[in-house]
Amino acid sequence: IAFFAEAYFNRRNFRTPVDLSGINRDATTYGFLAGVCREVSPRLRGRVGAGVFRFDPDDGALAGYTGFALSGDVTWNPRARTAMTVQLFRGDVATARAGSSGRTDTRIALSIDQEAYHNVLLHGRAGWTQSKYRGVGADTLNTWSVAAEGEYLVNRTFSLFVGANYARRSARDPLDKFSRAQVQAGIRARF
């Protein structure tokens, strides 16, 4: 078991000095996480930290914000060629939404990776993201998503893949709602 503490600093400089609503979106976010890393067994290991973050915008028209931060992942290998990973995140995320002073995202995802054969990899993922906007345009958006992919390793550098994903977002404003389905196929190169 290992305990950790980490501080982080994030500076955002948008390309334009002000957005369409006349607000300077440049800001600084800094925070602190403390947590634990643990290998419970060769099949179960993880790292989870919790803490606090502070969002300080450059523009005086936007209010600063202090929030709860979370980051981590836990991986379980039920068999030698199978990995199941749970990922957690909560923190400040950049936004340029008019009327909003900031955004906090919370994400939870479960991924399953399987080596079906020595050169065939399968991947599945299900996740949920909640985006909470602060300010005049305050709203909460919830997005659910699922994805699946198969990959054939041609050699050490190239592989062929096919994948599909689906996402659906709910919101109070009908313009913020959507559902999206994608199918992709391609060649992947690793160097």
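> Before we move on, could you go through the packing of aromatic side chains and cite the residues and values that matter?
In this structure the tally under the stated criterion is two aromatic pairs. Judged by centre distance (5.9 Å) and plane angle (50°), the ring pair of Phe53 and Tyr65 falls under tilted. A residue pair is termed long-range when its members are at least 10 positions apart, and Phe53 in strand S3 (residues 44-57) and Tyr65 in strand S4 (residues 65-79) qualify at 12 residues. Aromatic pair Trp128 and Trp144: ring centres 6.1 Å apart, planes at 40°, arrangement tilted. Highlighted residues: Trp128 in strand S7 (residues 120-135) and Trp144 in strand S8 (residues 140-153), separated in sequence by 16 residues.

> Run through the pairing of S4, naming residues and quoting values.
Where S3 lies against S4, 12 bridges are found, and the strand directions are antiparallel. Paired with Ala50 across the bridge in S4 is Leu70. Pairing analysis gives eight bridges linking S4 to strand S5 (residues 82-93), with the strands arranged antiparallel. Residue pairing for S5: Gly72 is matched across the bridge by Leu88. In this structure, the hairpin formed by S4 and S5 is closed by a connection of two residues.

> Explain the sheet that holds S3 residue by residue, including any values.
Spatially, 10 strands are ordered S1-S2-S3-S4-S5-S6-S7-S8-S9-S10 in an open sheet, and the strand pairing comes out antiparallel. Every interior strand has two partners, whereas the edge strands, strand S1 (2-12) and strand S10 (178-189), have only one. The mean angle between the axes of side-by-side strands here comes to 15°, regardless of whether they run parallel or antiparallel. Pairing of S7 with S8, which is carried by 13 bridges, proceeds in the antiparallel orientation.

> Give a description of the pattern of salt bridges that names residues and reports values.
One side chain can pair with another of opposite charge once the charged atoms of both are near each other. Counting across every chain of the model gives 13 salt bridges. In this structure, the salt-bridge partner of Asp19 is Arg25, at a minimum N-O distance of 2.9 Å. A relative accessible area of 17% means that Asp19 is categorised as buried. The buried category is assigned to Arg25, whose relative accessible area is 8%. For Arg81, the salt bridge is made with Glu115, and the minimal N-O distance between the two is 3.6 Å.

> Talk me through the side chain of Thr85; I want residue IDs and the actual numbers.
Tracing the backbone through its elements, the reader meets Thr85 in strand S5. In this structure Thr85 comes out as buried when scored by relative accessible area, which is 13%. Within the structure, Thr85 has its side chain in polar contact with the side chain of Thr75 (distance 3.2 Å). If we ignore the near neighbours within four places in the chain, the residues touching Thr85 are Asp73, Val74, Thr75, Ala109, Leu110 and Ser111.

Conventions we followed
- Residues numbered from 1 in each chain as written.
- Predicted model: local features only at pLDDT ≥ 70, side-chain atom pairs only at ≥ 80, totals over all residues.
- Heavy atoms only, no water.
- Phe/Tyr/Trp six-rings, centres within 6.5 Å; stacked < 30°, edge-to-face > 60°.
- Helix = DSSP H or I, 4+ residues; strand = E, 2+ residues; numbered from the N terminus.
- Pairing = 2+ DSSP bridges.
- Axes fitted to C-alpha atoms, helices over the stretch in contact; angles between N-to-C directions.
- Salt bridge = Lys/Arg side-chain N within 4 Å of Asp/Glu carboxyl O.
- Buried < 20%, exposed > 50% of the residue type's maximum accessible area, 1.4 Å probe, protein only.
- Polar contact = N/O pair within 3.5 Å; in protein donor to acceptor, adjacent residues only side chain to side chain.
- Contact = heavy atoms within 4.5 Å.

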